[in-house]
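Structure assessment
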Amino acid sequence: MTTNILTLRNGVIIVENSKNKGGFFEQTQGKINPVVVKYYYAPRMAKSDGSFDYLVTVMEAHVIMLGEQGIIPREAASKLLRVMEGWGNTQPELDPSLEDLYINLEHLISKEAGEDICSYLPAARSRNDVEAAMWRMELRDRLFILAQALLDMSSVLRRRAEETIDWIFPGYTYHQQAMPVTMGFHLLGLSAPLLRDVKRIVECVDRFNLNPLGAAAMSGTEYPISRERTGELLGFDGVWEHTADAVSSADYMLEASNIAVMSLNTLARLAEDIIFWCTNEAGFADLSDDLIDSSSIMPQKRNPVICATVRSQARLVAGRYAGICDACSVQFQASRDMTAAWEDVLECVRTAEGMCRISEEYTRSLRFNQKRMEGVLARNFSNATELADSLVRQGGLSFRQAHRVVGGAVSELFERGLGQDSLTWELLDAYCRDINGMGLPLTPEQVEQAKDFRICVERRNCRGATAPEETARMLQLQQKDADALSELLCQRQTKWKQSNSKLHMRAKELALEA
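The structure contained in this document is the topic of the report that follows. (Residues numbered from 1 in each chain as written. Predicted model: local features only at pLDDT ≥ 70, side-chain atom pairs only at ≥ 80, totals over all residues. Heavy atoms only, no water.)

Time to look at the overall build of the protein chain. When helices and strands are counted, the protein chain shows 20 helices and six strands. C-alpha atoms of the protein chain, sized along the principal axes, occupy 115 × 55 × 40 Å. Taking all 514 residues of the protein chain together, the buried fraction comes to 47%. A separation of at least 24 residues holds for 74% of the contacts in the protein chain among residues at least 6 apart in sequence. Looking at charge distribution, the protein chain has the averaged site of its 57 positive side-chain charges lying 1 Å from that of its 70 negative ones. (Helix = DSSP H or I, 4+ residues; strand = E, 2+ residues; numbered from the N terminus. Buried < 20%, exposed > 50% of the residue type's maximum accessible area, 1.4 Å probe, protein only. Contact = heavy atoms within 4.5 Å. Lys, Arg positive; Asp, Glu negative; His and termini not counted. Charge placed at Lys NZ, Arg CZ, Asp CG, Glu CD.)

Right, here's the structure in full:
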């Protein structure tokens, strides 16, 4: 490309022709419009500080492989590795006008090793496959941090469930008392999906932990590279086979952020429960003073703002996930849309981790009011189903006959503003005679037993039901699952650490060759 340069010499304007060195890539470096730098690249780079180490690791693995395969001179590989190893854990200062982390890395190496040595760095690769590799590495680390937070949260829920395993508590549907359960049963039900999220994380990482390096821009390379070698150095489990798929697919990003959204959804539902439990009307629980907010005008307020914060973040991240899905629906190719969406993927996972840790804190310190939980049951008719079941099992009625008898008696008491104490054997007998033409086939003692909330809970002893012995059994199963998942996390992380150690050991060996 030829440009005309105007210079002023001795009062005369001279027009000179100048041939720019290189193509568009070289011509644009460091010359991005300052408005774009200020409002896009600078804020983006400020968010990506933690990603630079992953980039350096990927490039070290690539250079080791290039040197071992004889694609670049060993001396060049040695000098490149010496520079990158020399940074250690210290991140060099980055320049947002250079667009991204990779261009910064090239400029930093050029300064320390010289442009001629740095010019060997881009052989047999592209920013596309480098980013694909570093994203997978960073995402697997971030997901496993989230997985550990979820395991810890599940552990707290199980511990609180064990404490309250026989604390009678109203189960709700549509904010109406439905049937008596126990607080332990309820909390254990919230622990279960969090453990499934941990399983999803392990399975998700196992799916995407394959080496995309070597895909280059999209179609691979003619250089005699070893994708197996770079994959081994970076802790990948194998090679991502299809090169266009390696740099163009976004399913692993969508899956990872979806897991974060799902875990936040469960945490939000617990937060919603606690907000209700802490109302004056319910009074089932209370938060510690360091986990509430108060009112600047109403002295009596104990606002569960921290719980509401978790709930709000879950809703906001769900919206962010919709944006990620939209950004990744471009043509099947690497694109700026997906690069921009990557930031939101990480933010989803980070937010889920943070809200999980907050939820763990207020769940651990939550103070339950056992007397209040059990006492509120007497005001309603949540044992109506147990009465109907008793009429079937002990009295021989069909369920619909039994349902009509109990439903008729309850509806009358509801209209009269009366509670369960007024649900007497005499009233049920009258309805049974009116509806079925026969006396109530239960004794007064059997009716009282069916009205006993604790007996109701204990009778529901089928697999997975509310009986305390079933809850205890499920507690043991969840603990077994949690232990197995914890071991899986440890195994995967140990492998990645070992690969990283081998990479740096080999990099240091080659760096000393020059």
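Before going further, it helps to spend a moment on the environment of Gln479. The residue Gln479 is located in helix α20 (residues 468-511) in this model. Along the backbone, Gln479 and Leu81 are 398 residues apart, and their C-alpha atoms lie at a distance of 46 Å.

Right, let's talk about the nonpolar core for a bit. The nonpolar side chains of a soluble globular protein tend to be buried with one another. The biggest cluster of nonpolar side chains holds 129 residues, and the ones touching the most others in it are Leu105, Leu139 and Trp277. Of the residues forming this core, the biggest block, 17 residues, is contributed by helix α7 (residues 127-163). In this view, Trp277 contacts Phe169, Met183, His186, Leu187, Ala282, Gly283, Phe284, Ala285, Leu366 and Phe368; residues no more than four positions away in its chain are not counted. (Core = buried A, V, L, I, M, F, W, Y, C linked by side-chain atoms within 4.5 Å.)

Here the focus is the side chain of Ser51. Turning to its location among the elements, Ser51 is positioned in the loop between α2 (34-47) and α3 (52-68). Leave out the neighbours within four places in its chain, and Ser51 touches Leu101, Met134 and Glu138.

One non-glycine residue, Glu99, lies in positive phi territory at about 85 degrees. Note on Glu99: relative accessible area 18%, which makes it buried. Even without being glycine, Ala124 reaches a positive phi, approximately 60 degrees. Note that Ala124 resides in the loop between α6 (115-118) and α7.

Bringing the environment of Asp286 into the picture now. Tracing the backbone through its elements, the reader meets Asp286 in strand β5 (residues 285-286). For Asp286, a relative accessible area of 27% translates into the label partly exposed. For Asp286 and Ala46, which are 240 residues apart along the polypeptide, the C-alpha to C-alpha distance reads 40 Å. Setting aside residues no more than four positions away along its own chain, Asp286 makes contact with Cys278, Arg302, Leu366 and Arg367. Among the polar contacts listed, one links the side chain of Asp286 to the side chain of Arg302, at a separation of 3.4 Å. (Polar contact = N/O pair within 3.5 Å; in protein donor to acceptor, adjacent residues only side chain to side chain.)

Moving on: the pattern of salt bridges. Two side chains of opposite charge can pair, provided their charged atoms sit close to one another. Considering all chains together, one arrives at 38 salt bridges under this definition. Here Arg127 makes a salt bridge to Glu99, at a shortest N to O gap of 3.4 Å. One end of the pair, Arg127, is in helix α7; the other, Glu99, is in the loop between α4 (74-87) and α5 (101-113), and 28 residues separate them in sequence. For Arg127, a relative accessible area of 24% corresponds to the partly exposed category. Linking Glu360 and Arg364 is a salt bridge whose minimum nitrogen-to-oxygen distance equals 2.6 Å. You can see Glu360 and its partner Arg364 sitting in helix α13 (residues 336-365), four residues apart, about one turn around the helix. Here the salt bridges share partners, and the residues they tie into one network are Glu68, Arg229, Glu232, Arg506 and Glu509. (Salt bridge = Lys/Arg side-chain N within 4 Å of Asp/Glu carboxyl O.)

This brings us to the packing of aromatic side chains. Counting across every chain of the model gives nine aromatic pairs. Relative to Phe284, the ring of Phe169 has its centre 5.7 Å away and its plane inclined at 75 degrees; by these criteria the two rings are edge-to-face. In this pair, Phe169 sits in strand β3 (residues 168-173) while Phe284 sits in the loop between α11 (251-277) and β5, placing the two residues 115 residues apart along the sequence. Each member of the pair, Phe169 as well as Phe284, carries the same accessibility label: buried. Measuring from centroid to centroid gives 5.5 Å for Phe208 and Tyr252, while their planes differ by 50 degrees, and the two rings are tilted. With Phe208 in helix α8 (residues 183-208) and Tyr252 in helix α11, the pair connects residues that are 44 residues apart, well separated along the chain. Look at Tyr252 and you get buried, because its relative accessible area is 3%. (Phe/Tyr/Trp six-rings, centres within 6.5 Å; stacked < 30°, edge-to-face > 60°.)

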